Amino acid sequence: MKDLSQLKSYIAQVYERHRSNNDGVVATYIPELGKANPNHFGISLVTATGEEFSVGDSQQEFTIQSICKPLAFLMALEQHGREETLRHVGIEPSGEAFNSIQLDALNRPFNPMVNAGAISVANLIKGSSPEAGVANFVKRLSQAAHRELRVDQAVCNSESETGHRNRAIAHLLRNFDIIDGAVDHTLHQYFSQCSVLVNSRDLAMIGATLANIGANPVTHDEVFDMHFVKDALSVMLTCGMYDFAGEWAYRVGLPAKSGVAGGIMAVVNRQLSIAVYSPRLDARGNSVRGIQVCKDLAEEYGLHAFDFMNFGSNFIRAL
Ligand code: GLN
């Protein structure tokens with residue numbers, strides 16, 4: 001059985017191994033994201049029992065971007081239940097880019113991990129006022145991260161001013177009655193969700209909350225309803241990395257979600273979460289070094305859900 005101290009030193013090794021990789025480019029289509037330092041690189045691990053370990057720029061804040069999507073989906077399921085939520089968004093991988101404007105045969109977005117699906121989900125949790133919906137979302141994420149989080153208004157405004165494609169998607173959804181009310185209210189919710197500031201340690205803590213079936217591993221608060229955690233994790237496994245999702249499920253085999261600011265949050269069910277921050281992205285909008293780190297860790301430790309080396313709760317028992 002491999003123990004946690006071995007895993008920690010392996011993470012430090014993996015960090016050094018990929019540190020000098022400068023492949024990929026920082027996202028600039030949201031102008032404010034272009035200001036990120038491309039060299040930043042942080043890796044964090046949090047176990048389902050609350051053990052933490054980080055290397056590199058793990059305190060560096062960045063916007064959560066699409067990593068908010070599975071969490072928003074979970075909140076929609078809690079508020080509306082499965083049947084109603086799935087009337088507004090499918091759960092089928094689209095094989096398309098994250099900003100694809102395509103809908104399925106029922107005029108629903110393909111899944112909650114692409115922008116169209118996340119906009120539909122944002123509509124379900126937008127709350128009675130724009131302020132209330134955002135405050136509620138930030139509060140839940142703060143409970144999961146066990147730290148007071150906030151929205152980066154500069155990034156939110158930057159995306160709101162330039163997000164014409166998302167605006168077009170929202171109007172298309174409004175046309176098909178997939179979303180209701182004022183389109184601007186829904187978009188405000190969506191852009192604000194994407195603009196929550198986190199660091200890699202926060203993401204690993206949020207991921208560990210999912211690994212721990214919805215309860216924060218440090219406070220033991222039941223942040224997310226345990227009945228719906230599997231819904232979020234399964235769409236992360238099948239759709240979390242966009243048009244790289246099939247390759248990811250095959251090679252890494254972990255539910256994960258990436259964001260265009262450079263974060264990746266991967267979850268080892270019942271065991272731990274690994275989060276990486278590195279803003280240089282590949283052509284699909286996934287962090288280059290983030291993918292490499294997760295691949296190496298999954299391979300070395302048999303973290304792939306179906307790996308013969310994955311015996312369930314190895315790390316928890318080793319503590
Ligand atoms: N806010 C971003 C957008 O809508 C999120 C995309 C992402 O992280 N892939 O374009």
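Our subject is the structure listed above.
If you're wondering where the values come from, they're calculated on a predicted model, not measured in any experiment. (Residues numbered from 1 in each chain as written. Predicted model: local features only at pLDDT ≥ 70, side-chain atom pairs only at ≥ 80, totals over all residues. Heavy atoms only, no water.)

1. With respect to the side chain of S195
With respect to the element layout, S195 can be found in the loop between α7 (183–194) and β4 (197–198). For S195, a relative accessible area of 0% puts it in the buried group. Engagement of the side chain of S195 in a polar contact is seen with the backbone nitrogen of C156, the distance being 3.4 Å. Within the structure, the side chain of S195 is placed 2.8 Å from the backbone oxygen of F191, a separation counted as a polar contact. Those residues in contact with S195 that sit more than four places away from it in its chain are T63, R150, V151, D152, V155 and C156. (Helix = DSSP H or I, 4+ residues; strand = E, 2+ residues; numbered from the N terminus. Buried < 20%, exposed > 50% of the residue type's maximum accessible area, 1.4 Å probe, protein only. Polar contact = N/O pair within 3.5 Å; in protein donor to acceptor, adjacent residues only side chain to side chain. Contact = heavy atoms within 4.5 Å.)

2. Re the site of the ligand
Around the ligand lies a shell formed by Y29, Q65, S66, F98, N115, E159, N166, Y190, C194, Y242, G259 and V260. The side chain of Y29 places a nitrogen or oxygen atom 2.5 Å from an oxygen atom of the ligand. With respect to the ligand, the side chain of Q65 contributes an N or O atom lying 2.6 Å from a nitrogen atom. About the coverage of the ligand: the protein hides 99% of its 300 Å² of free accessible area. Most atoms of the ligand, that is more than half of them, are within 2 Å of grid points of the second largest cavity. Here the residues of the shell around the ligand are counted per class, giving six nonpolar, five polar and one charged. (Near = heavy atom within 4 Å. Areas by Shrake-Rupley, 256 points an atom, 1.4 Å probe, with all protein chains shown as cover. 1 Å grid on protein atoms, 1.4 Å probe; cavity = no way out; pocket = protein on both sides within 12 Å on 5 of 7 lines; lining within 4 Å. Sits in = over half its atoms within 2 Å of the grid points. Nonpolar A, V, L, I, M, F, W, Y, C, P; charged D, E, K, R; others polar.)

3. A look at the nonpolar core
The nonpolar side chains of a soluble globular protein tend to be buried with one another. Ranked by internal contacts, the top residues of the largest apolar core, which has 72 residues, are I64, F137, L141, V196, L203, L210 and F224. Sorting elements by how many residues they give to this core places helix α2 (residues 68–85) first, with eight residues. Those residues in contact with L141, other than ones at most four positions away along the chain, are I64, L71, M75, L149, V196 and I206. Ranked by size, the runner-up nonpolar core spans 29 residues in total, among them L7, V55, L254 and I274. (Core = buried A, V, L, I, M, F, W, Y, C linked by side-chain atoms within 4.5 Å.)

4. Examining the packing of aromatic side chains
Taken as a whole, this structure holds six aromatic pairs when the rule is applied. Residues Y10 and Y301 carry aromatic rings whose centres are separated by 5.6 Å and whose planes lie at 55° to one another, so their mutual orientation is tilted. Of this pair, Y10 sits in helix α1 (residues 4–18) while Y301 sits in helix α11 (residues 288–301); the two residues are 291 residues apart in sequence, bridging distant segments of the chain. Y301 matches Y10 in its accessibility class, with the two residues each being buried. A centroid spacing of 6.0 Å and a plane angle of 40° characterise the contact between Y29 and F98, whose relative ring orientation is tilted. Pair noted here: Y29 is in the loop between α1 and β1 (42–47) and F98 is in the loop between α2 and α3 (115–124), with a separation of 69 residues, a long-range link. An aromatic cluster of at least three residues, connected via ring pairs, comprises Y29, F98 and Y242. Seen from the ring of F41, R289 lies directly overhead, with NZ or CZ sitting 4.3 Å from the centre. (Phe/Tyr/Trp six-rings, centres within 6.5 Å; stacked < 30°, edge-to-face > 60°. Lys NZ or Arg CZ within 6 Å of the ring centre and 35° of its normal.)

Everything listed here is a matter of coordinates, which is why it stays silent on function.
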